[in-house]
Every structure is written in structure tokens, then in C-alpha cells.
Amino acid sequence: MPPKPPRSAFPLYPALPARLPRVDRRRFLGLMGASTAAALTAGTLSSCGSTGGGGGGGSASEATTLDDLIPTHIPFEGVAPDIPGQHGAPDGFTSYPDSFITAVPETPGRGGEYTAMAPLWSPLPPGLGNNSFFDYVNGRLGATIEFNFQDGNTVIDKMNAVVAGRDVADITMFPDWVINLIPQFNRAVGELFEDLTPHLAGDAAAAYPMLANLDSDAWRWNVFNGKLQGVPWPAEPFGNWVLYRRDLLEEYGIEPPTSPDELFAIGEELNDPDNNRWAFGDFNLSMRQIFGAPKQWRYEGGELIHMFETDEWRASVEYMRKVFDAGLVHPDIVAKGDNAKELLNSGQILFNQDGLGAWHEAYMGVLGDNPDFRLDLMPVFGAGGNDPVMHRGDPSAQSVFVRRGMEPEQVEEILGLINFCAAPFGTREYMDYRYGEEGVHHELNADGAPELTELGHAEVNDGYYFVSGRPQAVTESQYPDFVQWKCDWYNHAAQFAEEDPFAGIRIQRPERFSGAETPMTDKVEDIIRGREDLGALDQAIADWRRDGGDQGREFYMEVLQEHGRD
Amino acid sequence: MTERTTGVAHPGTTPGTETAQAPSPAPASRRRGGRGRPPGGSARRDRRPGSGPPFLAKLRRDWQLLLMTLPAIGLLAVFHYTPTLGNIIAFQEYNPWDGVLGSPWVGLAQFERLFTDPRFWSAVGNTLLIAAVQLVFFFPIPIALAILLDSVMTPRLRLVLQSIVYMPHFFSWVLVVTLFQQILGGAGLFSQMLRQNGYAPLEIMSNPDAFLFVVTSQMVWKDAGWGTIIFLAALAAVNQNLYESAAVDGAGRWRRMWHITLPGLRPVIILLLILKLGDILNVGFEQFYLQRDAFGANVSEVLDTFIYHQTLVTGNFSAGAVAGLVKGVVGLVLILVANKLAHKMGENGIYRRS
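Residues numbered from 1 in each chain as written. Chains lettered and ligands numbered in written order. Predicted model: local features only at pLDDT ≥ 70, side-chain atom pairs only at ≥ 80, totals over all residues. Heavy atoms only, no water.

Asker: What is the right way to read the sheet that holds strand 5 (residues 113-120) of chain A from this model?
Answerer: Remark on secondary structure: sheet strands pair via backbone hydrogen bonds, oriented parallel or antiparallel. Residues and elements named next belong to chain A. Strand order in the open sheet formed by five strands is 6-5-7-16-10, with mixed pairing between adjacent strands. A strand with exactly one partner marks an edge of an open sheet, and here the two such strands are strand 6 (144-151) and strand 10 (230-234). Sheet twist, expressed as the mean angle between neighbouring strand axes with direction ignored, is 20°. Sheet topology places strand 5 next to strand 7 (residues 171-175); two bridges connect them, and they run parallel. The residue of strand 7 that forms the bridge with Met117 is Thr172. Here helix 16 (residues 408-421) sits on the sheet in contact with strand 5, strand 6, strand 7, strand 10 and strand 16 (396-402), set at roughly 45° to strand 5. (Pairing = 2+ DSSP bridges. Helix = DSSP H or I, 4+ residues; strand = E, 2+ residues; numbered from the N terminus. Axes fitted to C-alpha atoms, helices over the stretch in contact; angles between N-to-C directions. Contact = heavy atoms within 4.5 Å.)

Asker: Please explain the packing of helix 9 (residues 140-150) of chain B against helix 13 (residues 211-236) of chain B as it appears in this structure.
Answerer: Angle between the axes and distance between the axes: these two values describe a pair of packed helices. All names here are of chain B. Contact pair helix 9 / helix 13: the axes reach a minimum separation of 7 Å and the direction vectors enclose 60°. It follows that helix 9 is oblique to helix 13 by the angle criterion. Taken as a pair, helix 9 and helix 13 cross one another with a handedness that is right-handed. Contacts between helix 9 and helix 13 pair Ile141, Pro142, Ile143, Leu145, Ala146, Ile147, Leu149 and Asp150 from the former with Val220, Ala224, Gly225, Gly227, Thr228, Phe231, Leu232 and Leu235 from the latter. Here the contact of helix 9 with helix 13 is built from residues that sort into 12 nonpolar, three polar and one charged. (Parallel < 35°, antiparallel > 145°, perpendicular 65-115°, else oblique. Left-handed = near helix turned anticlockwise from the far one by under 90°. Nonpolar A, V, L, I, M, F, W, Y, C, P; charged D, E, K, R; others polar.)

Asker: What should I look at first to understand the pattern of salt bridges in this one?
Answerer: Two side chains with opposite charge may pair up if their charged atoms get near one another. All names here are of chain A. Taken as a whole and assessed by the stated rule, the structure comprises 34 salt bridges over all chains. A salt bridge links Asp170 to Arg403; the shortest N-O distance between them is 2.9 Å. Taken together, the residues span a long stretch of sequence, with Asp170 in the loop between helix 3 (155-164) and strand 7 and Arg403 in the loop between strand 16 and helix 16 at a distance of 233 residues. The exposure class assigned to Arg403 is partly exposed, which follows from its relative accessible area of 29%. In this structure, Asp550 engages Arg553 in a salt bridge whose closest nitrogen and oxygen atoms are separated by 2.9 Å. (Salt bridge = Lys/Arg side-chain N within 4 Å of Asp/Glu carboxyl O. Buried < 20%, exposed > 50% of the residue type's maximum accessible area, 1.4 Å probe, protein only.)

Asker: I would appreciate a short explanation of the sheet that holds strand 15 (residues 375-377) of chain A in the present structure.
Answerer: Residues and elements named next belong to chain A. Strand order in the open sheet formed by three strands is 14-11-15, with antiparallel pairing between adjacent strands. Each having just a single partner strand, strand 14 (351-355) and strand 15 make up the two edges of the open sheet. With direction set aside, neighbouring strand axes in the sheet form an average angle of 40°. The sheet contact formed by strand 11 (residues 240-245) and strand 14 spans five bridges and is antiparallel. Pairing of Asn240 across the sheet is with Gly355, part of strand 14. Here helix 11 (residues 284-291) sits on the sheet in contact with strand 11 and strand 14, set at roughly 105° to strand 11.

Asker: How should I be thinking about the packing of aromatic side chains in this particular structure?
Answerer: Aromatic ring pairs are defined here through the distance separating the ring centres and the angle between the ring planes. Residues and elements named next belong to chain A. By the definition in use, this model includes 60 aromatic pairs over all chains. An angle of 20° between the planes, with centres 4.7 Å apart, marks the rings of Phe193 and Phe401 as stacked. Of the two residues, Phe193 is situated in the loop between helix 5 (185-192) and helix 6 (197-200) and Phe401 in strand 16; the sequence distance between them amounts to 208 residues. Phe401 carries the same exposure label as Phe193, and that label is buried. Residues Phe502 and Tyr556 carry aromatic rings whose centres are separated by 5.0 Å and whose planes lie at 85° to one another, so their mutual orientation is edge-to-face. (Phe/Tyr/Trp six-rings, centres within 6.5 Å; stacked < 30°, edge-to-face > 60°.)

Asker: Mind showing me how you'd approach the interface of chain B and chain A here?
Answerer: In many analyses, interface size is given as the accessible surface area lost on bringing the parts together. In this assembly, 36 residues from chain B lie in contact with 44 residues from chain A. Across the interface of chain B and chain A, roughly 3,300 Å² is buried in total on both sides, 51% from carbon and sulfur atoms. When the buried surface of chain B facing chain A is broken down by residue, Trp97(B), Asp293(B) and Thr314(B) rank first, second and third, together holding 24% of it. Counting every contact that joins chain B to chain A gives two salt bridges. For Arg292(B), the salt bridge goes to Asp522(A), with nearest N and O atoms at 2.5 Å. The interface formed by chain B and chain A contains 11 residue pairs in polar contact (both at pLDDT 80 or more). Of all the elements in the fold, those that place two or more residues in the side of chain B that touches chain A are helix 11 (173-184), helix 12 (189-196), helix 16 (286-295), helix 17 (297-300) and helix 18 (303-313) of chain B. In terms of residue count, helix 16 of chain B provides more of the side of chain B that touches chain A than any other element does, six residues in total. For the side of chain B that touches chain A, the residue count by class is 16 nonpolar, 13 polar and seven charged. (Buried area = accessible area lost by both parts, 1.4 Å probe. Polar contact = N/O pair within 3.5 Å; in protein donor to acceptor, adjacent residues only side chain to side chain.)

Listed below in C-alpha cells is the structure:
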């Protein structure tokens, strides 16, 4: 049995569950902007521009000049990575360390009892009192955390009600996309949750060395209304990319592509519907990046140009249309089926875009039956000799908040518990909160990697893992070549990361702006799938501008000006 | 008293109040005469509603029945009537943080926005088209199937057949859509067979022109069997002696069906037709949501999926409430009109003012 993989470590791309409102993360960002805008000015940090509840406002918090509000970054000297990440890519560990480092020498808790709320993408474990894993970790913490788990697939519905009902737990975790979908979260956050600035800003964080070890951008992302409110979950820089069947391509004797044309040629060569094999799934989002379109806005000569208005994006749409027209895409995917993972894993398609986490998930499911099964990320390349533009995800994928109205000592105790749960890979604490007690919940195999015991499978869960974030690392060394290949890809791809003019600014998008995106994406799907001609693009873009695009441009322009980035 | 004083203040309203009061004795008398209730004291006391003893008497007589309705009323109150009040967010710029009481009022602005949105009208058009096709091509099938099943004489065989045709009703739409995709899709069973024999594959599962055909077939496959239940019950109620007498008189199979079976089913058919009409804007959510992207929003966006994309995807709950309200009002009007029509045709419809 391989160790329990951190499947739910990627709740942002929750294994692309069956039918979320679409996997395109942009749509999650689309948020009701009935919100009042609580935009934050860079210098004074005073809230300004409340548009009084009327329709369509968005809001933005500035982050780059908020260094006074976030912890001073003090790197933790833990286990040295085997493959250090470059350009912001995560570190890689090709094996488990021989001995684990103690990161938190003293028991952090003082016997307090706290509730915690977090989503869970796995079956519910036995509750506190019937679960020796909870008992063990609570013992290590010196405090009792009692979890109230939400079904991860419907967490948005639940959290909307939790926030509106002002009924939060002592420790509450929100995936970032949920925060973006909850109307008025900006207003709710200060009322419901403790301001952590006095506890963590600047050198105060030295009391919590594991938290001080977290990435500063991720901390900045958790500043709301001029206050540090949440503890971040530092995210890998990229969310989605094209995975391909490296084993099958090697069987064919074909090298991975280095240009869009080569990719197309490979597709035509390998496409074989008569034998139930198609070349491709959908990889629209990756193609945008290959052709060099911006993730959202490009700031050029004092103007904001939206992705939809760039020639690069149009070229990517034309390319996708060509791919679909040539019949290279599996019919199930043409019909928007949600079985792309199975198709890739069974070899009915050879290239498919997915969340990066899909890679080791596939290994977990398939390697047992087919030890030669190999995936890899398609090398990053540009079109027409240009560099690609890799779209970064937001720096923090989820946030942990502390309920407001507790005694300062209690807040400090909770931060101590969070600090414990932020211990990175290679520490004793990490092994404890992820895999429980050695010899009881997990055993170390010959390679020093943990394997859950039967009891561990029944009881171990991601609860404590979700109480804090920790530096991202590629650690799934139980899978052959996985860490090496993924780190190689990352260290190459990360150098092409986009310079987003809005980097670090948390923005709630105006409602009309995000609303205009649905018809636009629908139209693009129609065009790519051949239901509409490419010529329809111009009209669609004009409609998008009229129905909210231009309004969004103004809003974003103001954000730039407010933050002195224009 | 108050009516009279307002009547004095606004003379125009007096006739109105009078006519409004006038019909009240009429139903009572019709009830007395028409329904053949046992004449006697209770009927006469009915004329003065609100007076004590008859009400208590009725309560004494019916309390068990009333008690039995309580759970149902409770359910309705909690899950239907109370949430109905939430419709006021249609007149607000609602957000859950401020709640129904705190959100700003915007009057009819949400309605205006909805009615000027071409996507809304496109969704209405698609919904009506799909509903019309269902009405013509789906509605008669359970009737035919019920008559067919009813004609199977062996009880055991009939039971088996019934179970088979009911079964798909219990499959979820996800399963039905997947099944269709697996069999009729571009990489499905049929397409692969065609390919291997050198023919062009089927391409109906992502072809917008085939959309109506595909969704209607799915619906027939899934729910036609289930729809027979009520008709089978109605068929069982048809007096068998009529068939025998007709057969004796020399009526063939078709004659008997035309003159006995179908008239026997008529009230049920009309009842279900009215209910269906009231439901016409509810063509279903899951089936269309699941296949929206396969066929494109142009043909497959129905009101329910439109509302979903308005509310949950962009968080604009008020817009969704407006669309839901419009849907409800249209449904109500259609039911009232259809019921009236049924009365004109001499049928009871779904209710009759007694």
C-alpha cells in the first residue's frame, strides 16, 4: 500500500470533481459584486470607495506595501531538498529522510479545547472519542481540537450559510475559491475572525517559527481591509497543464512536442479512432499560455488589454478549432464528458489537460495494475518562436481563520497549534499530523516512506493538515521518477511565469464583469467545437465589452491607479 | 362596520364589496343541492360560517382526519410556504451577509435587467420548444404503453414487463446521459461498430440539431414506464362489463379501445395534461445541465440552467429569484387557464370550486 497521498492537498483543483460549475477557475472567481467595494489604498491602508451596496461593485486589497502587516520571513532550516526549486518552483524530495527533524520542541497547547471546521474530500473518519489518531495528535498538541468536517464537494453551500449565520468554529478553514464566491466576505471577515496582525506582524511571528517560514506572498494574500486575518496555504505556482502518456509515446518512438505544430502533427500521427484511440482531450487553457495570452489583463502603453482582446488568445482559439476539426479529440470530450482522466489512464487519449495533482492520483490508481504506466507533463513551449506565458495561480490556496472574541491567550494557544501543523516535510511534526503514530497508524517501509496501517486507513484524515499550510514541496517519492520529472518540468516552466500587473492584489471582481464571461466562454466553446464559425468571435468580443468587459476594464484601471502601478 | 364606513368615504367601492359578498351564499346552496349531502341541520348551519357550534361539531366529527393532515401541512409550511416568503429578494440587491432584512431594496430593477437580457429570452424559447416537443412526443407514450401493458393477459408476464419499464426511472440523469453517450456517442458502441465496418460514426450526441431528438429519447427511455402507473390504475377502474357488452354487440378491439378505454382514461389524461401545462417551464434541470456544454448553450440553455448560472456561478441570488418568480407566475396562469378549459369540456380538472 502506498502512503496516503495528499490528494486533498489540492482542493483548488479538487480532482476536478464530477460537475462543479466548471473547472475553469476563472469562473469560480466570478463573484457576486453586489458587494460594497472596500478597496484599500496603498499608502494609508484606509478603506475607501464604499459604493453603498448598489449593484456591481468589486473590491480589491493591496498587498505589496503591506509588509508591515505580515510576518517577517524567517526560513526554517529543515531537511535540504534533493532538487531545489528555481524561479519559485517547489522543492523536490526524492526520498524520505533517514531521521525526522523536530521542528516544535515544546508542546504548543495548554490544555485548551477548540473546535475546527474544514472541508474533507474523503469519507468521514470516526469522531473524537472513537479515533486514536485524533487522540494521538491532540496529545502531541497538548490541546484538544474537535473537527467538524464539511463535504468538500458542497463546501461552498455550507460555508455561505456558515458565514451568513455568523456561526464559525474556533478554527475555520476556507478554500480560496470559496472565499471568492462568498458575497461580502470582505465585510464578514473582520466581524467574524480575529485580527492576527498584533500576533504575527513583523517580528512577532518569531514566536511561531513554522508560520514565519511561510511564503510572504501567501501571507499578503490573507490581508483583508488592512488587517492580517488568515493563515495561508502557500500554493504551487501553476494549477493546470497538459499531461501525456509518456510510456505510450515512448512505445511509438515519438519525442514529446516542442511547438504547437509538432503537437498537432503528433496528434494526427497517433489518432486512431478505429482502434479506440484518440490523440487529445481538451487543453484550451494550456494553449492560451503556449500562445502567450495573458491570464486576464495585460498592461501595455497605459492601457489594459483583456485576454479576449489579444491576438495571442485568438490564435489559441483558432488552434483549438483546428484540433477539434481534425477529429483529434475524443468524442466524449467533444461532448464535454467528465471522463477525461479515465480516458487518459486507459490510453484512449494520449494528451489531456488536468490539475497537476491528477498526475500522482493517476499513479495511485493505476500503477498497481500497470507498473509501466507513466505520465509526464508536456514540456512548456511557445508558439512561433516566442516564449510561453505561464499563468500563475493565486499565492495561497486556502486560509485558516481564528474566531473573533476569544481571550488573547487563547488566540496565542491556537496560533501555537497552527504553527505545529505548519511544520514542513521532513519533520517529526509533519509525520505526526499527517500519518499519526509510527507503529500504530503507519509503518515506515524500506525506503523510509510511511505506509498507513489498517487502523491508519480507518482513522487518519486531513483535518490537521488543513489547520495550516506549509511550504509546497514535491514529495511523492514512492512513485517512480515522479519527483524528478515533476521538478524538472517545474524548474523549466517557472521561468516563463507571467508578470501579472495585479499580482498580490486580492480582487473581488465586479459582478457584471464576471457575469459577462459566461456567454463569452459559451461562445468560445461553440467556436472550438465547430458549432459556430471563427467569425463569430468578433461579435462575441463586442458583446462581452458591452455587457461588462469595458466596465471591468475601468474598475481594474482604477485598482491599478489606486496602487500606483499605472 | 368598517366596510360600511369605507363605503361612505369612497362610494365607488360599495358595489364592489357587495358583489364580492354576493357569491358566498351561492356555493353553499350549490353544495347542498348538487352533492347530495344528507339534508338536515348541519347543512343549514353551514350557511353561517364562523358561528360556534357547527364548527365544533365538524371538528368533533373530523378531528382524526384533520390530525392526519397536520404532518403534511407542517411540511408544506416549513419547506414551501416559509421559503416562498424569501421571494422578496427579487426586489432587492440581496446578499447573504446582510440577509433578507438588511439587503438594499431596488424595486423592479432586477426584473428590468432580466427582461432585457437576450439570454433569458433565449432560455425561455428553448424551454418552451422543449416543453412543446415533450408534450407532443412524450406525453402520449405512457398512455399507449399503459394500454399495451394492460392488454397483456398473463399476470406474471405483465409484472415482469412493468418492472422492466419502471426501472429506468430510478436511474439518475447522470447515469442515463452516460449510457446514451456510451451507446450513441461518437466513441460509443454504435459508432465503433460503424467505424469498424467502414461507415461514418454517429455524431448526434454533440450535434445541436439533434438535441431535441436526443433529450426526448432520453426522457422517453427514462420516464415513459413510470408514467404508465397512473394510467394503469385508471384502466383497472374501467368497468369490465362494458367490454363484455361491447364485445357481445360485435365491437372489435379498436372499437372497444376508442369507445370504452379512452373515454375511461379521459379524466386522468386531462388532469395530467393540466399539471403538465403548469409545469411547462420546468423541463428539468439535471438533464440539461449535464448536456449543456455538449450541445452548446444556444439550444440547451433552459430556464433552470439559466437561473443556476445566474445565481450560483456569479452569486447573483436576486436575479435567480426573479426568474424563479416569473416561472412560478407563468405556471400558475397556465394551470388556471387549462383548468378553466377542462371545465368547459365538462371535466373536473384538478379542482373545482364547490
